Amino acid sequence: MTPALTYSAVSVGYQGTPVLTHVDLELAPGQTVALVGPNGAGKSTLIKSILGLVPVLAGAATVLGDHPAAARGRAGYVPQTDTLDADFPVSVRQVVMMGRYRRIGWWRPAGKDDRRAVSEALDRVGLAGRAGHRFGTLSGGQRQRVLLARAIASEPRLLLLDEPFNGVDAVSQDAIVRVLRDLTGSGTALVISTHDLQVARDLADLVCLINGRQWAAGPPAATLTEQNLRRTYGGSTISLADGRMVLVEP
Amino acid sequence: MIEPFTAPFMARALTELALLALICGPISVFVFARRLSFVSDALTHTIFPGVVIGFLAGGLEGLFAGALVAGIVTAVVLTLLTRGGRVSDDAATAVVLTAMFSIGVAMVSRRSSYTSDLTSFLFGRLLTVSPRQIAETAALVVIVLIALVAGARALLFRTFDPGGAAAAGFRVGWLDLWLNILVALVVVAAVRAVGTILVVALLIVPAAAARMVTDRLVVMAAVGTVLILGAGYGGLLLSWTASIHYGVSLTSASSVVLLLVAAYCLLIPVRLIRDRRRRTVTVPRQRSSVHELVG
């Protein structure tokens, strides 16, 4: 079966200047990789390179069996909701329908299949009753679920999520996690950038620790070690009485 | 109320404004949503030297071609300058705006009839619209509407979420050029009738006023179109009545724009009432961003 993603000794960056180097990653259909690292580590740049929006400067990369630029538009993408204008006059249904625009094309009106895909996607994220509401009137967590529904409506085999749990309430987080598990169960591969190590541990099959370069990658238990985290974050850890650890950034 | 429009020049002026309403209403929605007011303002000014060159080369008949060439060239230049954040949008736009406008003024000032020419370029000649002008405007209206309908979904996606649109495979740079050219074509269509200064009102005020009463883009476009039609009819009537019955010289294009702005002001309370009625959205509990791990 074609891997969803293969990165071998890849460097990515802007205008010839690498932002992130030494990325080695292979993701099979139905697997989840969590990209973990501090702010400015290159998580968003890596996601953009998978989307074909930032060039691969060195190494070999394939996305859904093609060069990332050739696969552009075939991977789903869920941006952070706070990057969008909350005052924009657009309904929840319209936002989710955007996930179908590439299929619909330039001239054809949205058909029965498109409307059904939108309704089903909204139903899956638990927002079927909000279809007619203006996007900006929803809470941050609900907006994030709408953006997830938009990505689902495009029926991607690879889905990339940029910090999907930032500023999200517990109800929405549970709903998002449930949908993500459903998606991997049906063979969709996921790439999730996150600050939250617990999320990485709970959701991911693979964790990729990055900060300017890839420092470690592999199954969560073997990768989220104190030594790897210190190398990635450059800080120190504090052991708590209940056995957990808190990472303190320098 | 109908009688003034039995005069052919008034009927032609109203026809021209009705045609412009068909494109200005929908385009103003994108100008509003993309926050392109300043870019639109710049386009109206950067077309100015094209208008002057066209006039100097071919008189009033050359004005259209001059404006068309200048409009498309400046749409391309503005798109390239503001692309990718290499130059701050506002700074680049302001430089192009002032440079091109100065060139236009320098050229027109070489003519002996400098003041009257400048006035007509800046404020238009709504009451001297010719049948040929109406035909040219109608052609542009058809082109703009077809291009707008074809690109509406992609433009909406790009306007709402440029990153998401790029990730979905849309070429954001081309979409920006597409919209800028459409705005330029609208300016070209409107510039002879209402002038380079007042045309910006037709590109900004309709959607801004419509936003006061609706949250839906399609309704905004329709309301914007109706507002221009209403202001067009009312402005022409006002200008006619003032000059015929009261001997007051009131230019028709500025009457139209003033009524449009008055509609905007009258709708402000509607927006305030709607905002007050809108239920308060509760702020969700934020997750901690502490990097926590289980050891």
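Cut-offs and rules
- Residues numbered from 1 in each chain as written.
- Chains lettered and ligands numbered in written order.
- Predicted model: local features only at pLDDT ≥ 70, side-chain atom pairs only at ≥ 80, totals over all residues.
- Heavy atoms only, no water.
- UniProt positions renumbered as here; feature names shortened; annotations may be inferred.
- Helix = DSSP H or I, 4+ residues; strand = E, 2+ residues; numbered from the N terminus.
- Rg over C-alpha atoms; globule rule 2.2 N^0.38 Å.
- Buried < 20%, exposed > 50% of the residue type's maximum accessible area, 1.4 Å probe, protein only.
- Contact = heavy atoms within 4.5 Å.
- Areas by Shrake-Rupley, 256 points an atom, 1.4 Å probe, with all protein chains shown as cover.
- Lys, Arg positive; Asp, Glu negative; His and termini not counted.
- Charge placed at Lys NZ, Arg CZ, Asp CG, Glu CD.
- Phe/Tyr/Trp six-rings, centres within 6.5 Å; stacked < 30°, edge-to-face > 60°.
- Salt bridge = Lys/Arg side-chain N within 4 Å of Asp/Glu carboxyl O.
- Axes fitted to C-alpha atoms, helices over the stretch in contact; angles between N-to-C directions.
- Parallel < 35°, antiparallel > 145°, perpendicular 65-115°, else oblique.
- Nonpolar A, V, L, I, M, F, W, Y, C, P; charged D, E, K, R; others polar.
- Core = buried A, V, L, I, M, F, W, Y, C linked by side-chain atoms within 4.5 Å.
- Pairing = 2+ DSSP bridges.
- Expected span 1.5 Å × (residues − 1).
- 1 Å grid on protein atoms, 1.4 Å probe; cavity = no way out; pocket = protein on both sides within 12 Å on 5 of 7 lines; lining within 4 Å.
- Points joined across faces, edges and corners; volume = space filled by probe spheres on them.

Going by what an unreviewed UniProt entry lists, chain B is known as ABC transporter permease and is assigned to Actinoplanes cyaneus. Per its UniProt entry, chain B bears the Sequence similarities (unreviewed entry) comment "Belongs to the ABC-3 integral membrane protein family."

An unreviewed UniProt entry lists chain A under the name Manganese ABC transporter ATP-binding protein, with Actinoplanes cyaneus as the source organism. Here chain A is described in UniProt, under the heading Sequence similarities (unreviewed entry), as follows: "Belongs to the ABC transporter superfamily."

With respect to the overall build of chain B
Counting its regular elements, chain B contains nine helices and one strand. Along its sequence from the N terminus, chain B presents helices and strands in the succession α-α-α-α-α-α-α-α-α-β. Taking 295 residues into account, the globule formula puts the C-alpha radius of gyration at 19 Å, and chain B, at 21 Å, falls close to it. Dimensions along the principal axes, computed over C-alpha positions, put chain B at roughly 85 × 40 × 30 Å. Residues counted as buried form 53% of the 295 residues belonging to chain B. In chain B, of all internal contacts separated by at least 6 residues, the share reaching a separation of at least 24 is 77%. When the accessible surface of chain B is totalled, it reaches about 13,100 Å², and 69% of it is carbon and sulfur. Between the centroid of the 23 positive side chains of chain B and the centroid of its 13 negative side chains there is a distance of 6 Å.

Regarding the UniProt feature "transmembrane region" (unreviewed entry) in chain B
Residue and element names in this part refer to chain B. Taking the numbering used here, the UniProt-annotated feature "transmembrane region" (unreviewed entry) corresponds to residues 17-34, 46-79, 91-108, 134-157, 177-205, 217-240 and 246-270. As annotated, residues 46-79 has a helix share of 100% and a strand share of 0%, and its two end C-alpha atoms lie 13 Å apart. Within the segment residues 177-205, helix and strand shares are 100% and 0% respectively, and the terminal C-alpha atoms sit 22 Å apart.

Comments concerning the packing of aromatic side chains
Here the structure, examined in full by the defined rule, presents eight aromatic pairs over all chains. Measuring from centroid to centroid gives 6.0 Å for tyrosine 101 of chain A and phenylalanine 157 of chain B, while their planes differ by 80°, and the two rings are edge-to-face. With tyrosine 101 of chain A in helix α3 (residues 101-104) and phenylalanine 157 of chain B in helix α5 (residues 131-160), this pair bridges two chains. According to the relative accessible area criterion, tyrosine 101 of chain A is buried, its value standing at 6%. By relative accessible area, phenylalanine 157 of chain B is classed as buried at 2%. Each ring, one from tryptophan 106 of chain A and one from tryptophan 178 of chain B, has its centre 5.5 Å from the other, and the planes form 10°; the classification is stacked. Placement of the pair is tryptophan 106 of chain A in the loop between α3 and α4 (112-124) and tryptophan 178 of chain B in helix α7 (residues 172-210), with the two residues belonging to separate chains.

Brief notes about the pattern of salt bridges
One pass over the structure, following the stated rule, counts 19 salt bridges over all chains. We note a salt bridge from arginine 100 of chain A to aspartate 114 of chain A, for which the minimum N-O separation is 3.1 Å. A residue pair is termed long-range when its members are at least 10 positions apart, and arginine 100 of chain A in the loop between α2 (92-97) and α3 and aspartate 114 of chain A in helix α4 qualify at 14 residues. The class for arginine 100 of chain A is buried, based on a relative accessible area of 5%. Judged by its relative accessible area of 2%, aspartate 114 of chain A is buried. Taking the shortest distance from any N to any O, the salt bridge between aspartate 113 of chain A and arginine 116 of chain A comes out at 3.4 Å. Remark: arginine 116 of chain A and aspartate 113 of chain A occur in helix α4; sequence separation between them is three residues, near one turn of the helix. When its relative accessible area of 44% is taken as the criterion, arginine 116 of chain A is described as partly exposed. Bridged by salt links that share partners, the residues Asp87 and Arg134 of chain A together with Arg211, Asp215, Arg271 and Arg274 of chain B form one connected network.

A short note on the packing of helix α1 (residues 8-33) of chain B against α7 of chain B
Residue and element names in this part refer to chain B. The geometry of α1 relative to α7 is characterised by a closest axis approach of 9 Å and an angle of 85° between their N-to-C directions. The angle between α1 and α7 places the two elements in the roughly perpendicular class. Along the lines of polarity and charge, the residues of the contact of α1 with α7 split into 23 nonpolar, one polar and one charged.

Examining the nonpolar core
Soluble, globular proteins show a tendency: their nonpolar side chains are buried together. Counting residues in each nonpolar core, the largest one holds 129 residues, and the members touching the most others are Leu148 and Leu180 of chain A together with Ile27 and Val194 of chain B. If sequence neighbours within four positions are ignored, valine 194 of chain B has contacts with Leu17, Leu122, Phe123, Gly124, Val199, Leu202 and Ala253 of chain B. Val10, Val33, Ala189 and Cys208 of chain A belong to the second-largest nonpolar core, a separate cluster that totals 30 residues.

A few points about the sheet that holds strand β2 (residues 17-27) of chain A
Residues and elements named next belong to chain A. Taken in spatial order, the three strands line up as β2-β1-β4 in an open sheet, and their pairing is antiparallel. Only two strands of the sheet have a single partner each, and these edge strands are β2 and β4 (56-63). Averaged over all adjacent pairs, the angle separating strand axes in this sheet is 25°, with direction ignored. On the sheet, helix α1 (residues 43-50) packs against β1 (5-14), β2 and β4 and is oriented at approximately 115° with respect to β1.

As for helix α5 (residues 140-153) of chain A
Residue and element names in this part refer to chain A. Helix length check: α5 (14 residues) gives 20 Å between terminal C-alpha atoms against 20 Å at 1.5 Å per residue, within 8%. Burial analysis of α5 places 14 of its 14 residues in the buried class, which makes it a mostly covered element. Backbone geometry just after α5 places glutamate 155 at a positive phi near 50°.

A short note on the layout of surface pockets
To find the voids left in a structure, one rolls a probe of water-molecule size over its atoms. One number sums up the size of the second largest pocket: a volume of about 990 Å³. Taken together, 33 residues form the lining of the second largest pocket, with Gln94 of chain A together with Ala152, Leu156, Leu217 and Val218 of chain B sitting closest to its centre. At the level of elements, α2 of chain A together with α1, α5 and α8 (217-245) of chain B are the ones that each hand at least two residues to the lining of the second largest pocket. The element best represented in the lining of the second largest pocket is α5 of chain B, accounting for seven residues.

Some words on the environment of valine 248 of chain B
Of note, valine 248 of chain B is situated in the loop between α8 and α9 (252-277). Sequence-wise, valine 248 of chain B and isoleucine 134 of chain B are 114 residues apart; in three dimensions their C-alpha atoms are separated by 28 Å.

Details of the sheet that holds strand β8 (residues 206-210) of chain A
All names here are of chain A. Strand order in the open sheet formed by six strands is β5-β6-β7-β3-β8-β9, with mixed pairing between adjacent strands. Two strands in the sheet have a free side with no partner beyond their single neighbour: β5 (76-78) and β9 (214-218). Strand-to-strand, the axes of this sheet are offset by a mean angle of 15°, without reference to chain direction. Note that strand β3 (residues 32-36) and strand β7 (residues 189-194) share five bridges and pair parallel. Across the sheet, residue leucine 35 finds its bridge partner in β7, namely serine 193. The sheet strands contacting α5 are β5 and β6 (158-162), and the helix crosses β5 at an angle near 175°.

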